[in-house]
Amino acid sequence: MSPDSQPAPRRADARRNRDALLAAAVEVIAEEGPDAPLDRIARRAGIGNATLYRHFPTRRDLLVAVTAGEIDAVCGRADELRAERAPGDALFGWLELLCRHTSDYRELAAALAGHGVGEGSTEFAGWHSRLERTLSALLGAAVDAGAVRADTTVADLLALTSGIALAGLDG
């Protein structure tokens, strides 16, 4: 393979196995935390341990993939909210979703930090940037609609959601 050629796309069965592993990991981590046994995740997915390790050689790799999927889901929900609601309501709905997500995934974030995926990491920077872009679009629309003060910043809202999530949310 030449240096500028792309790797071959994954086979359909490999993609299905990876998707099944990620879905199982989300469930098992929600139930047992990020230190849950990896063989339990493989069993839940109906896939052997060797396949799990082929896709995710380390726990860190699996936790990063789970987190990336969750960030994708949270950011993807912004588009749905924009289509369903007025700009201010879309913003506030997404901020509530972000607070719940941040609160629900505190243990996962701590586990990632223990594996070197914290505020200084490339992965974290990418996730944070994606969240900022999503929030910026929602905030801009809400400001334009007059639903939010024009001096409200993305940084303010991220600090607010982080504080709420760290304090814990009631049902």
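Just above, that's the structure.
Residues numbered from 1 in each chain as written. Predicted model: local features only at pLDDT ≥ 70, side-chain atom pairs only at ≥ 80, totals over all residues. Heavy atoms only, no water.

## Structural notes on the overall build of the protein
So, point 1. When you go through the protein residue by residue, the secondary structure sums to eight helices and zero strands.
So, point 2. When the helices and strands of the protein are read in sequence order from the N terminus, they spell out α-α-α-α-α-α-α-α.
So, point 3. The principal-axis extent of the C-alpha atoms belonging to the protein is close to 55 × 40 × 30 Å.
So, point 4. The buried share of the protein, taken over its 171 residues, is 36%.
So, point 5. Long-range pairs, those at least 24 residues apart, make up 66% of the contacts in the protein with a sequence separation of at least 6. (Helix = DSSP H or I, 4+ residues; strand = E, 2+ residues; numbered from the N terminus. Buried < 20%, exposed > 50% of the residue type's maximum accessible area, 1.4 Å probe, protein only. Contact = heavy atoms within 4.5 Å.)

## A word on the side chain of Thr134
So, point 1. Along the chain, Thr134 falls in helix H7 (residues 122-144).
So, point 2. Taking relative accessible area as the criterion, Thr134 reaches 11% and is therefore assigned buried.
So, point 3. Looking at Thr134, its side chain comes within polar contact range of the main-chain oxygen of Arg130, at 3.0 Å.
So, point 4. Apart from the residues lying within four places of it in its own chain, the contact partners of Thr134 are Cys75, Ala78, Arg82 and Trp94. (Polar contact = N/O pair within 3.5 Å; in protein donor to acceptor, adjacent residues only side chain to side chain.)

## Points about the layout of surface pockets
So, point 1. Estimated volume of the largest pocket: approximately 700 Å³.
So, point 2. If you go around the largest pocket, you meet 23 residues; those closest to its centre are Thr102, Ala109, Phe124, His128 and Leu131.
So, point 3. It is helix H6 (residues 106-114) that contributes the most residues to the lining of the largest pocket, six residues altogether.
So, point 4. In terms of residue class, the lining of the largest pocket is made up of 14 nonpolar, seven polar and two charged. (1 Å grid on protein atoms, 1.4 Å probe; cavity = no way out; pocket = protein on both sides within 12 Å on 5 of 7 lines; lining within 4 Å. Points joined across faces, edges and corners; volume = space filled by probe spheres on them. Nonpolar A, V, L, I, M, F, W, Y, C, P; charged D, E, K, R; others polar.)

## A closer look at the pattern of salt bridges
So, point 1. Summed over all chains, the structure comprises 12 salt bridges.
So, point 2. For the salt bridge of Arg43 with Asp39, the shortest nitrogen-to-oxygen distance reads 3.6 Å. With a gap of four residues between them, Arg43 and Asp39 both fall in helix H2 (residues 38-45), about one helical turn apart.
So, point 3. For Asp39, a relative accessible area of 34% gives the class partly exposed.
So, point 4. One continuous salt-bridge network, built from bridges that share partners, spans Glu27, Glu31 and Arg44. (Salt bridge = Lys/Arg side-chain N within 4 Å of Asp/Glu carboxyl O.)

## A closer look at the packing of helix H4 (residues 59-84) against H7
So, point 1. The geometry of H4 relative to H7 is characterised by a closest axis approach of 10 Å and an angle of 5° between their N-to-C directions. One way to sum up the angle between H4 and H7 is to call them roughly parallel. Between H4 and H7, the contacting residues are Arg60, Val64, Thr67, Ala68, Ile71, Asp72, Val74, Cys75, Gly76, Ala78 and Arg82 on the first element and Glu123, Trp127, Arg130, Leu131, Thr134, Ala137 and Leu138 on the second.
So, point 2. Classifying every residue of the contact of H4 with H7 by side-chain character gives 10 nonpolar, three polar and five charged. (Axes fitted to C-alpha atoms, helices over the stretch in contact; angles between N-to-C directions. Parallel < 35°, antiparallel > 145°, perpendicular 65-115°, else oblique.)

## A closer look at helix H5 (residues 87-104)
So, point 1. Over its 18 residues, H5 extends 25 Å from the first C-alpha to the last, a length consistent with the 26 Å expected when each residue adds 1.5 Å.
So, point 2. The complete set of buried residues in H5 reads Gly88, Ala90, Leu91, Gly93, Trp94, Leu95, Leu98, Cys99, His101 and Ser103.
So, point 3. At its buried positions, H5 is contacted by H4, H6, H7 and helix H8 (154-167). (Expected span 1.5 Å × (residues − 1).)

Don't take any of this as a statement about function, it's just geometry.
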